[in-house]
Amino acid sequence: MDIHGFAQINATHVVLIDGRHHCLRMLDRVTSHIVVLAGTCGTPGYSDGLIGTGKFHNPNSVVVDTRNSGQVLVTDSANNALRSVSISTGEVRTVIDSGFELPQGLLWAGDHLLVTNNVYISSVRWLDNGTVVNYIVAFSRPGDVYGTTDESKVRRSSNLVRLREKMFLVDDTGSRKLKLVDFNEGRVKPFCIYQEDDCTTNSSALPIPAIKAPMLKVGDDTIYVALATSVYKLKGVSSESGFPVECPDSGNATIYIIPGRRKLTFSLDNGLTIDLSEGHYTLPKDDGPLLCKEHFNVMKSPIVRRLSFKSVYEVRCNLLEYDSDTRIVLRNTLLHRRSQLLTVCREDCTMSDNMMPFSECTDGQLTVYWPTDVMFPIDVHQPPTELVNRLEQRIEAIDSMINMEIFILYHSPPVIAAAKGPNNKAVQVTLYSACANNRKSYDVERDVCV
């Protein structure tokens with residue numbers, strides 16, 4: 001067993017990260033008994049599920065979820081993901097798999113979770129609408145540079161510890177240094193190490209290990225750092241505050257490129273627009289008396305939401321596969337309806353050439369989708385209301401589409417009208433979600449790709 005991290009979940013039990021075997025274990029401190037908690041020990045991978053089904057690849061750090069004490073959060077480094085594990089069942093779930101690069105250390109800072117990512121620090125936040133976002137808050141490129149949080153650099157970071165509010169100590173193991181990240185001033189500074197009561201040297205000359213520098217905070221003003229063969233004590237850590245006025249923490253987020261496009265069109269405060277490719281950006285933002293900076297990531301959307309027309313029919317599913325004639329008649333019927341929907345789209349959309357109409361039948365309900373070429377990123381959950389209203393008005397103007405009948409061979413009667421939806425319409429204008437990576441499957445309940 002190769003322990004990469006641990007988290008004390010109660011007075012008797014500790015969750016251990018077995019990094020070498022790609023799983024989590026539970027230690028009973030009373031009996032010293034260790035059992036597998038989550039993952040598939042000895043088998044790296046990337047999947048959600050219970051023990052033996054869920055998989056990690058180089059899990060690194062673990063913390064108790066302050067929002068839900070019944071689970072822990074884990075950095076899954078090789079999969080570039082943040083995973084959750086139920087303490088009672090061991091079920092693994094993916095919280096978010098975007099915005100990471102070899103994530104390692106975890107630390108709660110109020111209501112958000114800081115994550116060390118090789119050459120930058122990101123912040124994971126849970127929004128009120130249930131969306132999870134992840135954006136860079138310090139560093140961005142490899143190097144050894146002090147300065148503002150967006151201009152400074154680290155060669156490789158793996159761990160961080162809180163000094164006081166909005167001030168953190170980070171190990172830059174690639175540069176063999178410890179660095180102070182001060183979000184109050186928006187700067188990254190050198191940090192001086194004190195061995196017991198005497199300041200010995202600047203951190204740049206200490207034997208910082210190239211892999212990890214474990215740090216532990218004890219009380220309000222003492223931090224111990226394990227460096228090579230010695231444990232150092234950091235002196236002068238104060239809990240006092242009194243910070244200058246700073247720019248509001250707003251606008252920091254991940255923005256997704258619309259599927260099918262290579263760049264994102266971004267609107268500036270001055271009314272101009274610029275096209276942005278994938279990457280991390282810092283732009284000026286006018287915030288009243290302050291000229292602030294806006295930090296955000298531009299990424300390809302992991303989920304594609306395609307504008308589609310949808311109808312539901314009550315039919316026995318076994319009839320649809322009765323013979324080849326049944327399948328041919330149904331396909332031709334759906335293609336005929338597709339040509340009618342093309343006239344409904346007009347200037348708002350065209351029917352997709354890449355995705356033909358398709359259907360799925362379960363429990364006596366046949367659901368049919370007619371996809372268009374209009375696509376939206378992961379952060380859009382409903383089609384624009386004005387677009388929906390225009391399309392629905394055009395459908396209602398075509399008598400043959402009001403009930404959206406289809407022909408099912410051997411059904412009695414063979415002509416079946418669509419069931420009326422929540423808006424009392426036979427044709428629903430909706431978004432059909434699928435994974436951009438066709439090697440992954442879309443989980444409808446959790447709105448994630450696994």
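Everything numeric in this text was worked out from a predicted model, so none of it was measured.

## With respect to the overall build of the chain
Then comes step 1: Tallying secondary structure elements over the chain gives two helices and 35 strands in all.
Then comes step 2: About 22200 Å² of surface is accessible on the chain, with carbon and sulfur atoms providing 50% of the total.

## So, the sheet that holds strand E16 (residues 177-182)
Then comes step 1: Read across the open sheet, the five strands follow the order E13-E17-E16-E15-E14; overall the sheet is antiparallel. At either margin of the open sheet sits one strand with a lone partner, and together these are strand E13 (147-148) and strand E14 (157-164).
Then comes step 2: Summarising the sheet, E13 and strand E17 (residues 187-190) pair through two bridges and their orientation is antiparallel. Each bridged residue has a counterpart across the sheet, and for Thr-148 the counterpart in E17 is Arg-187.

## Quick look at the side chain of Asn-60
Then comes step 1: If you trace the backbone, Asn-60 turns up in strand E5 (residues 59-64).
Then comes step 2: Classification of Asn-60 as buried rests on a relative accessible area of 9%.
Then comes step 3: Of the polar contacts made by the side chain of Asn-60, one reaches the side chain of Ser-61; its length is 3.4 Å.

## Considerations on the nonpolar core
Then comes step 1: Leu-307, Phe-309, Tyr-313, Leu-341, Trp-370, Leu-391 and Met-404 are the most contacted members of the largest nonpolar core, which has 31 residues in total.
Then comes step 2: Mapped by element, the contributors of at least two residues to this core are strand E28 (303-314), helix H1 (324-345), strand E30 (365-376), helix H2 (385-396) and strand E33 (428-435).
Then comes step 3: In terms of nonpolar packing, the next biggest core, distinct from the first, is built from 15 residues, Tyr-120, Ala-138, Val-170 and Val-188 among them.

## Examining the sheet that holds strand E7 (residues 81-86)
Then comes step 1: Taken in spatial order, the four strands line up as E5-E6-E7-E8 in an open sheet, and their pairing is antiparallel. The sheet is open, and its two edges are formed by E5 and strand E8 (92-96), each paired on a single side. For this sheet, the mean angle separating the axes of adjacent strands, direction not counted, is 30°.
Then comes step 2: For strand E6 (residues 71-76) and E7, the ladder comprises six bridges, and the chain directions are antiparallel. Opposite Leu-73, over in E7, you have Ser-84 as the bridge partner.

## Regarding the state of the cysteines
Then comes step 1: Counted according to the given criterion, the structure contains four disulfides.
Then comes step 2: The partner cysteine of Cys-317 in its disulfide is Cys-361, sulfur to sulfur 2.1 Å. One disulfide, between Cys-317 and Cys-361, carries an S-S torsion of -80° and so falls in the left-handed class. Of this pair, Cys-317 sits in the loop between E28 and H1 while Cys-361 sits in strand E29 (residues 358-362), placing them 44 residues apart in sequence.
Then comes step 3: Cys-361 sits in the partly exposed class, given a relative accessible area of 24%.

## Comments concerning the pairing of strand E2 (residues 13-18)
Two faces belong to every sheet, and in a regular strand the side chains alternate between them.
Then comes step 1: Counting buried positions along E2 yields five of six residues, so the element is predominantly enclosed.
Then comes step 2: Summarising the sheet, strand E1 (residues 3-8) and E2 pair through five bridges and their orientation is antiparallel. Directly across from Gly-5, in E2, lies its bridge partner Ile-17.
Then comes step 3: In terms of strand pairing, E2 meets strand E3 (residues 23-28) through six bridges, oriented antiparallel. For Asp-18, the partnering residue across the bridge sits in E3 and is Cys-23.
Then comes step 4: In this structure, the hairpin formed by E2 and E3 is closed by a connection of four residues, where His-22 is found at a positive phi of approximately 60°.

## Here's the deal with a nonpolar patch on the surface
Then comes step 1: Together, Met-1, Ile-3, Phe-6 and Ile-34 line one region of the surface with nonpolar side chains, adding up to about 400 Å² of accessible area.
Then comes step 2: Within the secondary structure, Ile-34 is located in strand E4 (residues 33-39).

## Considerations on the pattern of salt bridges
Then comes step 1: One pass over the full model with this rule turns up 21 salt bridges.
Then comes step 2: A salt bridge links Asp-18 to Arg-25; its shortest N-O distance comes to 2.8 Å. When sorted by exposure, Asp-18 lands in the same class as Arg-25, which is buried.
Then comes step 3: The partner of Arg-327 in a salt bridge is Glu-321, and the shortest N-O contact between them spans 3.1 Å.
Then comes step 4: Here Glu-321 falls in the exposed class, since its relative accessible area comes to 54%.
Then comes step 5: Three or more residues are tied together by salt bridges with common partners; here these are Asp-48, Asp-76, Arg-83, Asp-443 and Arg-446.

## Some thoughts on the environment of Cys-345
Then comes step 1: Assignment of secondary structure puts Cys-345 in helix H1.
Then comes step 2: On the basis of relative accessible area, Cys-345 is assigned to the buried category, the value being 0%.
Then comes step 3: A sequence separation of 45 residues divides Cys-345 from Arg-390, and the C-alpha atoms of the two residues are 9.0 Å apart.
Then comes step 4: Those residues in contact with Cys-345 that sit more than four places away from it in its chain are Phe-309, Thr-350, Met-351, Thr-372, Leu-391 and Arg-394.

## As for the side chain of Thr-326
Then comes step 1: By the secondary structure assignment, Thr-326 is in helix H1.
Then comes step 2: By relative accessible area, Thr-326 is classed as buried at 2%.

## Quick look at the environment of Val-132
Then comes step 1: Take Val-132: it is sitting in strand E12 (residues 132-138).
Then comes step 2: As for Val-132 and Asp-379, which are separated by 247 residues in sequence, their C-alpha atoms are 10.0 Å apart.
Then comes step 3: Leave out the neighbours within four places in its chain, and Val-132 touches Val-95, Ile-96, Val-124, Arg-125 and Trp-126.

## Re the confidence of the model for the chain
Then comes step 1: Looking at the chain as a whole, the pLDDT averages 85, with 86% of positions reaching at least 70.
Then comes step 2: The low-confidence segment residues 194-206, where pLDDT is below 50, has 31 contacts with residues more than four positions distant or belonging to other chains.
Then comes step 3: Low pLDDT (under 50) marks residues 238-247, which in the prediction has 18 contacts with non-local residues, meaning those over four places away or in another chain.

## So, the packing of aromatic side chains
Then comes step 1: This structure, assessed with the given rule, holds eight aromatic pairs.
Then comes step 2: Judged by centre distance (5.9 Å) and plane angle (25°), the ring pair of Tyr-281 and Phe-296 falls under stacked. Residue Tyr-281 is found in strand E26 (residues 279-287), and its partner Phe-296 is found in strand E27 (residues 290-300); the two are separated by 15 residues along the sequence.
Then comes step 3: With a centroid separation of 5.2 Å and an interplanar angle of 20°, the aromatic rings of Phe-358 and Tyr-369 are classed as stacked. Here Tyr-369 lies in strand E30 and Phe-358 lies in strand E29, a separation of 11 residues in the sequence. One exposure class covers both Phe-358 and Tyr-369, and it is buried.
Then comes step 4: The structure contains a cluster of three or more aromatic residues connected by ring pairs, namely Phe-266, Tyr-281 and Phe-296.

Cut-offs used in this document
- Residues take numbers from 1 onward in each chain, read along the sequence in its written order.
- Given that this is a predicted model, residues contribute local features only at a pLDDT of at least 70 and side-chain atom pairs are listed and counted only at 80 or more, while totals for whole chains, interfaces and linings are drawn from all residues.
- Side-chain metrics rest on all non-hydrogen atoms present in the structure, leaving aside hydrogens and water.
- Helix and strand definitions follow DSSP, with helices as H or I runs of at least four residues and strands as E runs of at least two, each counted in order from the N terminus.
- Each accessible area value is a Shrake-Rupley result obtained with a 1.4 Å probe; residue values ignore everything except the protein chains displayed when judging cover.
- If DSSP finds at least two bridges between two strands, the strands pair.
- The buried label applies to any residue whose accessible area, calculated with a 1.4 Å probe on protein chains only, is under 20% of its type's maximum; exposed applies above 50%, and partly exposed to all values in between.
- Nitrogen and oxygen atoms within 3.5 Å of one another constitute a polar contact, given that in protein one can donate a hydrogen and the other can accept it, and given that sequence-neighbouring residues count only through two side-chain atoms.
- Side-chain atoms within 4.5 Å are what join buried Ala, Val, Leu, Ile, Met, Phe, Trp, Tyr and Cys residues into a set we call a nonpolar core.
- Axis lines are fitted to C-alpha atoms, over the contacting stretch for helices. Their N-to-C directions set the angle, which ranges from 0 to 180 degrees.
- Note on terminology: disulfide denotes any pair of cysteine sulfur atoms within 2.5 Å.
- Patch definition: residues above 30% relative accessible area lacking any salt bridge, with like charges linked at up to 9 Å and the nonpolar side chains Val, Leu, Ile, Met, Phe, Trp and Tyr linked at up to 5 Å.
- When a carboxyl oxygen of Asp or Glu lies within 4 Å of a side-chain nitrogen of Lys or Arg, that pair is called a salt bridge.
- A contact between two residues is defined here by any heavy atoms of the two lying within 4.5 Å.
- The predictor reports its confidence for every residue as pLDDT, a score running from 0 up to 100.
- Only centres within 6.5 Å qualify two rings of Phe, Tyr or Trp (six-membered ring in Trp) as a pair; their planes then separate them into stacked at under 30 degrees, edge-to-face at over 60, and tilted for everything else.

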